[in-house]
Amino acid sequence: MATVLILLVSLMTATSSMNPARADEAPDNQFVAVPPAVLADTRDGTGGVSSAKVPGKGQITFQVAGQAGIPASGVSAVALNITAVGAEKSGWFTVHPSDAPTTVSTLTFYPGENVTGEDFTRLTSTGMVSVVNNSDSPVHIVVAVRGYFLSAADTQAGNEYYPVGAEYLYDTRPGHVTGSPVHGAIPVPADSSVTIDVAGQGNVPAAGANAVALNVVAWSQGQQGWLSLHPSDQSGNNVATVDYVPGETNSSFTVAQLTGSGKLILENRGSGTVHVALTLRGFFKATAEEGGGGYVSVPSKVIVETITGAGVPGGNTEALAPGMSVTFDVTQGIDLGDKAMASAALTIQARRPTDKGWLTVYPTEDGDPDISSVNYDQAESTTGFDLVIPDSQGHVTITNHGPGTTHVQVSMRGYFTDPPADDPATEDLAKTSENAYIYACSGANERSPWLHTTDMHGIWRDHPGGWGDFWVSWCGRGPYTVDLSSNVWDDYADGYCVVGEMRIDGKRWQMGGRACPKGRHVKESFTLTKVWKVHVRVCRRKGNYVYNCSAWR
């Protein structure tokens, strides 16, 4: 059977003049992946730092710009791995530009454990970064780079980010086996590696992706060790992605470079077996295409704190009980102009947990995906990092999955944007008597002088959880009155869900809900004051689906 989505768009043209494109609007920052390289290591003095543990309340400062393939100028932020090694007491690191201190935690650590975390760290004109040891005892600090973000003035074509809903890319756990090549529920043996297909899997395109954003989880380990990731056509490295210890579930976010092979090698650098799970958050592509976004780095700022009630609806100061959630507006206080926030770069901390558990962080309207962002242990505050898609209202929800309570703290490091539609040239508008046109749906991707198009129709078979996409874009005299009517249904009664999503006027709107197995009809009406576009995505978790679109005046 099939899932069908129909889009009806009515455009009513007004007499006001078109809004011209902003000539002074700079592009957002774009990402360039590099092979992982150590920038600073206090164990051996790499990066010009002292070859000794950093004392309590001490810090290291080291050069980033101009090092390890990072340009000497024109860089706004860097993707860093930060590792605490040999901690004698519990504590936490702050990571910041050398001339812009912050009190926002990037990584928490405990005695006897090595811990690795990720951060998108802003760079200022100094080109240097500082890491502060906020504990009362010494600890080694290791910092490695995964990539960098070009500043707006140096932005190139491509290297944009394409966020996707959180999904499993590879999993070895019994009852959860996922990924390619086909494998069983077998943990990764000690001192060994597995090769993982990435290109063409899930929502990663078969060609063109040069990096993927992942959350990597280590489960059921009996010994202490660490995991590393690298492309299959590159040699291994000594940069940890996740450090793990017995009796815990340990996780960390990472940006993993992809090369021509489209495969990643995951290495288990430990003396015992470990189950692993890789969940996808998005990918970067070298070539600019519709839907990609650039990055905006901001000074670190706490936006939610349940201990104090800051940013919590109603100012509630209660810890999250089992199954309890907190929802907040991740776009509040941010001037997006005529763009939309495609994904937020968030540092998320589970604070004062009373038992083991994990946090999911997700777009509120989409519902809980049951895919962890941060795993925490009993009585150990844990800090993680994630790229999270806000819902159509800019809302994000965090849910506590665990038998105990935990407080949460969320801080903003930056965000990716959805670019606005381009305004058409005057000569294009002159081709139609209505002074408006509609782009044909995705696939044809050509301008049509007609206000009616129904020429997009696509069928995928055995499509495992991928999105089907098409765009309808129009330009002309605003404002427009737009009526959107959606029929989403599924007669294939296997219990899998249908999801429809619409992006309009820079916001995301759920269409059709999650229909299992039957769908529903949704009708929305908007008034657009800008030149904009509609993007509709249809996802069926299994089997076939069909989509088409219609637009007319």
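Residues numbered from 1 in each chain as written. Predicted model: local features only at pLDDT ≥ 70, side-chain atom pairs only at ≥ 80, totals over all residues. Heavy atoms only, no water.

*Asks:* Whenever I open this one, the environment of Val-32 confuses me. Can you help?
*Replies:* Within the secondary structure layout, Val-32 lies in strand E2 (residues 31-41). For Val-32, a relative accessible area of 18% puts it in the buried group. Distance in space between the C-alpha atoms of Val-32 and Asn-159 is 6.2 Å, their sequence separation being 127 residues. Those residues in contact with Val-32 that sit more than four places away from it in its chain are Gly-147, Tyr-148, Leu-150 and Asn-159. (Helix = DSSP H or I, 4+ residues; strand = E, 2+ residues; numbered from the N terminus. Buried < 20%, exposed > 50% of the residue type's maximum accessible area, 1.4 Å probe, protein only. Contact = heavy atoms within 4.5 Å.)

*Asks:* Help me understand the packing of aromatic side chains, please; the structure alone is not making it clear to me.
*Replies:* The geometry of an aromatic ring pair comes down to the distance between the two centres and the angle between the two planes. Counted according to the given criterion, the structure contains 15 aromatic pairs. When the ring of Phe-120 is compared with that of Phe-253, the centres are 6.4 Å apart and the planes differ by 75°; the resulting orientation is edge-to-face. Placement of Phe-120 in strand E7 (residues 115-122) and of Phe-253 in strand E15 (residues 250-257) is noted, with a sequence separation of 133 residues between them. Between the aromatic rings of Tyr-295 and Phe-416, the centroid separation amounts to 4.9 Å while the plane-to-plane angle is 50°, which identifies the pairing as tilted. With Tyr-295 in strand E18 (residues 295-305) and Phe-416 in strand E25 (residues 407-418), the pair connects residues that are 121 residues apart, well separated along the chain. Note on accessibility: Tyr-295 and Phe-416 belong to one class, buried. Taken together, the ring pairs in this structure connect Phe-31, Phe-120, Phe-149, Tyr-161, Phe-253, Phe-284, Tyr-295, Phe-385 and Phe-416 into an aromatic cluster. If you follow Arg-173 out to its NZ or CZ, it ends over the ring of Trp-219, 4.1 Å from the centre. (Phe/Tyr/Trp six-rings, centres within 6.5 Å; stacked < 30°, edge-to-face > 60°. Lys NZ or Arg CZ within 6 Å of the ring centre and 35° of its normal.)

*Asks:* What's the story with unusual backbone geometry in this structure? I'm lost.
*Replies:* Most peptide bonds take the trans form, and the phi angle of most residues other than glycine is negative. In this model, Ser-180 is joined to Pro-181 through a cis peptide bond whose omega is 0°. With respect to the helices, strands and loops of the structure, Pro-181 is situated in the loop between strand E10 (160-171) and strand E11 (192-197). Phi is positive for Asp-191, close to 45°, though the residue is something other than glycine. Considering the arrangement of structural elements, one finds Asp-191 in the loop between E10 and E11. For Asp-191, a relative accessible area of 62% translates into the label exposed.

Everything listed here is a matter of geometry and, on its own, says nothing about what the molecule does.
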